[in-house]
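Listed below are the residues making up each chain.
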Amino acid sequence: MTKHFFARQYLNQLFNVLTDLGYQVVGPTMKDGAIVFTELARVEQLPWGWQEVAKPGHYQLTPSRKNRCFAWNTGPQALKPWLFKPEQPLWQAEQTEQGLCFHQAPAKVPPIAVVGLRGCDLAALKLQDQHFIHGPYPDPYYQAQREQLFIIAVNCAQSAETCFCVSTGDGPAATHSFDLLLDELEDGYLIGVGSEQGQAVFQQLTLGQQATIDQLDIAQQQLADASQQQRHMPDEHSLLKLTENLEHPQWQDVADRCLACGNCTLVCPTCFCSKQESTSDIKLQQAEQVRLWDSCFSEQHGYIAGKLFRPEIRHRYRQWLLHKLANWQQQYGRSGCVGCGRCISWCPVGIDLVAEAQTLLEGSPHESAHR
Ligand code: SF4
Ligand code: SF4
């Protein structure tokens, strides 16, 4: 891929071109002590000069000596809530003189350009596409936003302690599904094109010269640095063997620590469980059906035909880990984990699924994942 260089002060030109083309720019900013993706009006809203410290049960932003805006890896969420919305109206019903009328909720959405997605985020997007678009029942709401999505990915220049995308094959480089790709350097950015839409935006930028060999070497070295990760998920073939260990004592060990709060499933960029709820007005004249995010850690998620199928936390943790790491392979052709590490840092008790998977496979409780 040919890459061009532009100085940091020209980043706002990219925002302006996207806005002029009708995109709402969405990207990372600092809010409530975390990096969150939100609508951005100016490049000044990006998290300049901040980096993160992510460990099991721990996430903290700290000032960085480098004045970069992508010197972090993962906030609690990135793209998922923009495509698979936490609350999605499905239909409304109203009593009329002619009887009960139903209206499907419209799927019309504005075009968005999302800046700052990483290799793991794009791998998660591909998995969600498989589920929401290429499955037997395409989701019109996901599909509508997916068709109106422009992606500006960023290669990671560092890894958090919780990252393990190298072992899942999903990072630290962004290799697919983007329109434009950035490498952040000390004084500016390398930019490459990944699609026709990306080329159309690129042509409107009045960028400087093609990247020099030195600049390309620095970007390559940053990726090499980011590839030095502490955690390594076992390979997919080994993960399939998890289904042979259904009665392993480690399931109870982890259940004794797990709060069944569902944080891990909410922050996971590939999880897609949902439930539906109905509401009506007090006169029973109007009603609405809404789809909400759900979690396999919720007791009610396993309630079918008058029976709780996963009554204990042990059963729910086992469902989460086995589905994510083993059964997805049969369902979607690969594990459902892209190595982002979010579930590790946002678990309030610091449960580490890499360590749990290794223990379950090797039969040696509490063996370290730091290998
Ligand atoms: S299971 Fe955890 S590490 Fe894997 S993709 Fe989900 S949140 Fe990221
Ligand atoms: S593993 Fe952690 S985040 Fe997930 S449900 Fe249990 S306590 Fe909550």
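Refer to the structure printed above.
A brief report on the enclosed structure follows. The structure presented is a predicted model; accordingly, all values stated were derived computationally and were not measured.

### Details of the site of ligand 1
Item 1. Lining the immediate environment of ligand 1, one finds Phe164, Cys268, Pro269, Trp320, Lys324, Cys337, Val338, Cys340, Gly341, Arg342, Cys343 and Leu353.
Item 2. Judged by the proximity of its atoms to the pocket grid, ligand 1 belongs to the second largest cavity.
Item 3. Mapped onto the shell around ligand 1, the elements with two or more residues apiece are α11 (313-332) and α12 (342-345).
Item 4. For the shell around ligand 1, a count of residues per class yields nine nonpolar, one polar and two charged.

### Let's talk about empty space enclosed by the protein
Item 1. One pass over the structure, following the stated rule, counts six cavities of 30 Å³ or more.
Item 2. Within this model, the largest cavity holds a volume of roughly 120 Å³.
Item 3. Cys264, Tyr317, Cys343, Cys347 and Ile351 are, among the 17 residues lining the largest cavity, the residues nearest its centre.
Item 4. Sorting the residues of the lining of the largest cavity by element identifies α10 (263-267) and α11 as the ones contributing at least two each.
Item 5. By volume, the second largest cavity is sized at about 90 Å³.
Item 6. Together, 15 residues line the second largest cavity, and Cys268, Pro269, Cys337, Cys340 and Cys343 are the ones closest to its centre.

### Quick look at the site of ligand 2
Item 1. The immediate surroundings of ligand 2 are formed by 13 residues, with Cys258, Leu259, Cys261, Cys264 and Cys347 found nearest.
Item 2. Taken atom by atom, the bulk of ligand 2 overlaps the largest cavity.
Item 3. Residues that form the shell around ligand 2 fall into these classes: 11 nonpolar, two polar and no charged.

### Concerning the sheet that holds strand β10 (residues 180-184)
Item 1. With mixed pairing, seven strands are arranged side by side in an open sheet as β1-β11-β10-β9-β8-β2-β3. A single partner strand is all that each edge strand has here, and the edge strands are β1 (4-7) and β3 (34-39). Averaged over neighbouring strand pairs, the angle between their axes works out to 30° when direction is ignored.
Item 2. The pairing of strand β2 (residues 24-31) with strand β8 (residues 112-117) spans three bridges and is classified as parallel. Each residue of the ladder has a partner; that of Gln24, found in β8, is Ile112.
Item 3. On top of the sheet, helix α7 (residues 213-226) reaches β1, β10 and β11 (188-193); it is set at about 90° to β11, its chief contact.

### A short note on the environment of Lys55
Item 1. Assignment of secondary structure puts Lys55 in strand β4 (residues 50-55).
Item 2. As for Lys55 and Trp346, which are separated by 291 residues in sequence, their C-alpha atoms are 8.9 Å apart.
Item 3. Ignoring anything within four residues of it in the chain, the contact list for Lys55 reads Glu161, Thr162, Ile344 and Ser345.

### Quick notes on the sheet that holds strand β7 (residues 99-104)
Item 1. Here four strands make up an open sheet; going across it, the order is β7-β6-β13-β12 and the pairing antiparallel. Edge positions in the open sheet fall to β7 and β12 (274-280), since each of these has one partner strand only. Between one strand and the next, the sheet's axes are offset by a mean angle of 20°, whatever the strand orientation.
Item 2. Inspection of the sheet shows strand β6 (residues 87-96) paired to strand β13 (residues 286-293) by seven bridges, in the antiparallel sense. Residue pairing in the sheet places Ala93 in a bridge with Ala287 of β13.

### Remarks on α7
Item 1. End to end, α7 covers 20 Å across 14 residues, agreeing with the expected 20 Å (1.5 Å per residue, within 8%).
Item 2. All of the buried residues in α7 are Gln215, Ala219, Gln222, Leu223 and Ala226. Take α7 and look down its axis: the buried residues cluster within an arc of 95°, on one side only. With respect to the buried face of α7, the exposed residues turned more than 90 degrees away are Ile213, Asp214 and Gln220.
Item 3. In this fold, the buried residues of α7 make contact with β1, β10 and β11.

### Overview of the pattern of salt bridges
Where charged atoms from two side chains of opposite charge approach closely, those side chains can pair.
Item 1. Across all of its chains, the model carries 14 salt bridges by this definition.
Item 2. One salt bridge in this structure joins Glu277 and Lys275, with 3.8 Å as the shortest N-O distance.
Item 3. Under the relative-accessibility criterion, Glu277 is labelled partly exposed at 38%.
Item 4. With relative accessibility at 35%, the residue Lys275 sits in the partly exposed group.
Item 5. Via salt bridges that share partners, Asp253, Arg257 and Glu356 belong to a single interconnected network.

### Topic: the side chain of Lys3
Item 1. You can see Lys3 is positioned in the segment before β1.
Item 2. Take Lys3: its relative accessible area is 15%, and that puts it in the buried class.
Item 3. Separated by 2.6 Å, the side chains of Lys3 and Asp183 make a polar contact.
Item 4. Ignoring sequence-local partners within four residues, the contact set of Lys3 consists of Asn155, Leu181, Asp183, Leu190, Ile191, Gly192, Gln210, Ala211 and Leu216.

What counts, and at which threshold
- Residues numbered from 1 in each chain as written.
- Chains lettered and ligands numbered in written order.
- Predicted model: local features only at pLDDT ≥ 70, side-chain atom pairs only at ≥ 80, totals over all residues.
- Heavy atoms only, no water.
- Near = heavy atom within 4 Å.
- 1 Å grid on protein atoms, 1.4 Å probe; cavity = no way out; pocket = protein on both sides within 12 Å on 5 of 7 lines; lining within 4 Å.
- Sits in = over half its atoms within 2 Å of the grid points.
- Helix = DSSP H or I, 4+ residues; strand = E, 2+ residues; numbered from the N terminus.
- Nonpolar A, V, L, I, M, F, W, Y, C, P; charged D, E, K, R; others polar.
- Points joined across faces, edges and corners; volume = space filled by probe spheres on them.
- Pairing = 2+ DSSP bridges.
- Axes fitted to C-alpha atoms, helices over the stretch in contact; angles between N-to-C directions.
- Contact = heavy atoms within 4.5 Å.
- Expected span 1.5 Å × (residues − 1).
- Buried < 20%, exposed > 50% of the residue type's maximum accessible area, 1.4 Å probe, protein only.
- Arc of directions from axis to C-beta.
- Salt bridge = Lys/Arg side-chain N within 4 Å of Asp/Glu carboxyl O.
- Polar contact = N/O pair within 3.5 Å; in protein donor to acceptor, adjacent residues only side chain to side chain.

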